[in-house]
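Here are the chains, one letter per residue:
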Amino acid sequence: MRVGFIRRDLYGVAAILIVAAAGYVLFPDNLALLTRIIAIALLVLSLDLVTGYCGVATLGQAALFGSGAYAAGILSAHYGINDPLLMTLGGIFAGAVAGLVCGIVMLRAHGLPQLVLSIALVYLFHEFANKASSWTGGSDGLSGIVLDPLFGLYEFDLFGHTAYFFGVALLLIVFALLRIVVRSPFGMLCRGIKEDPVRIRALGASPHKAMIKMYIISGAVAGTGGALSAISTQVVALDALSFTQSAEALVMLVVGGTGSLFGALVGTLVFMLFEDFVSAANPFHWLTMVGALLIVVVLFAPKGIFGTVQDLLSARRNRTGETRP
């Protein structure tokens, strides 16, 4: 079983590298979009941790993403810390702290009240950033972000090559670490909490503590995505803390499939590429096309694209095994 897990992890890493290489070859003039996809993929991965694995209903994940983005940007714009690695660490720390705060507040409720709390939190974070304009730039956005060369060697060029490769490296590291987390005893505990928290409590474990830990991990992952966004664009806008950002992240997760890190990546890639293509092809009716895509996915692939494909392949293997003599 362990060998099977490792093989699947290697397949996942190989798939990320292949898609990243294909993107670099096919869209050499649009690396900014690809880097943006990576940043949002980290946000969707973080959402999958709390929603797909723990069953927490949330529409406030952008609060964690935006915290990481503003932390990275403030380190550069106000403190002169321009090293991309230190800025990323700052984003990770800020995201983890925001995850702790949001987890403590949200986990005091369940169901619809929990969803309302998540919406309230993202609006509070948004309004706080808007009012603290001396630090965040308010509605004008945080500018003045300057980047030192990565490792002192690789300049962040105008075409986005360094930012793209930096983003791919971050995604690979985060993906590998999260694969270890979700199949660890802690990850299994979180799956059990989603299925039956009463039974988990009866076994002597604390669902609340476990979900707080997962929220902190989720915040760190979202903060990584926010830091990457700040580093790649060298500006942080209030949109990073918007409710729309949270809602779109949830849509991407549903498109790909919840409870699977692979599904989060597939959903982000499909949704953002489709959105970019149709908005360029038809600027007046592209939202209609996006809505049609979501209806098709929900009706014909209720487990998401990755989950449905996985079920089809599993059913095919079972049929093949049954027909063997």
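Everything discussed here concerns the structure shown above.
Figured I'd write up the structure that's included with this text. Keep in mind that what you see is a predicted model, and the values were worked out from it rather than measured.

Right, let's talk about the packing of helix α3 (residues 62–79) against helix α4 (residues 84–106) for a bit. Where α3 contacts α4, the two axes come as close as 7 Å, and the packing angle between them is 145 degrees. Here α3 and α4 pass one another in a crossing that is right-handed. Facing Ala-63, Leu-64, Ser-67, Gly-68, Ala-71, Ala-72, Leu-75 and Ser-76 of α3, the residues of α4 in contact are Leu-86, Met-87, Gly-90, Gly-91, Ala-94, Gly-95, Ala-98, Gly-99 and Cys-102. A breakdown of the residues in the contact of α3 with α4 according to their chemical character gives ten nonpolar, seven polar and no charged.

Remark: helix α2 (residues 31–52) packs on helix α11 (residues 243–256), axes separated minimally by 9 Å, with the N-to-C direction vectors making an angle of 75 degrees. Classified by the interaxial angle, the pair formed by α2 and α11 is roughly perpendicular. The residues of α11 that touch α2, namely those facing Arg-36, Ile-40, Leu-43, Val-44, Leu-47, Asp-48 and Thr-51, are Gln-245, Ala-249, Leu-250, Met-252 and Leu-253. Among the residues making up the contact of α2 with α11, the classes are represented as eight nonpolar, two polar and two charged.

Residues Leu-45, Leu-49, Val-56, Tyr-70, Val-236 and Leu-261 are the most contacted members of the largest nonpolar core, which totals 82 residues. Excluding residues within four positions of it along the chain, Leu-49 makes contact with Cys-54, Leu-178, Val-182, Met-214, Ile-217, Ser-218, Val-221 and Leu-261.

To describe a pair of aromatic rings, one takes the distance between the centres and the angle between the planes. Under the criterion given, the structure shown has eight aromatic pairs. Between Phe-175 and Phe-262, the ring centres sit 5.3 Å apart and the planes meet at 70 degrees, which makes this aromatic pair edge-to-face. Of the two residues, Phe-175 sits in helix α7 (residues 161–182) while Phe-262 sits in helix α12 (residues 261–281), which places them 87 residues apart along the sequence. You can call Phe-175 buried: its relative accessible area is 1%.

Definitions and cut-offs
- Residues numbered from 1 in each chain as written.
- Predicted model: local features only at pLDDT ≥ 70, side-chain atom pairs only at ≥ 80, totals over all residues.
- Heavy atoms only, no water.
- Axes fitted to C-alpha atoms, helices over the stretch in contact; angles between N-to-C directions.
- Helix = DSSP H or I, 4+ residues; strand = E, 2+ residues; numbered from the N terminus.
- Left-handed = near helix turned anticlockwise from the far one by under 90°.
- Contact = heavy atoms within 4.5 Å.
- Nonpolar A, V, L, I, M, F, W, Y, C, P; charged D, E, K, R; others polar.
- Parallel < 35°, antiparallel > 145°, perpendicular 65-115°, else oblique.
- Core = buried A, V, L, I, M, F, W, Y, C linked by side-chain atoms within 4.5 Å.
- Buried < 20%, exposed > 50% of the residue type's maximum accessible area, 1.4 Å probe, protein only.
- Phe/Tyr/Trp six-rings, centres within 6.5 Å; stacked < 30°, edge-to-face > 60°.

Functional significance is not addressed by these values, which are geometric in nature.
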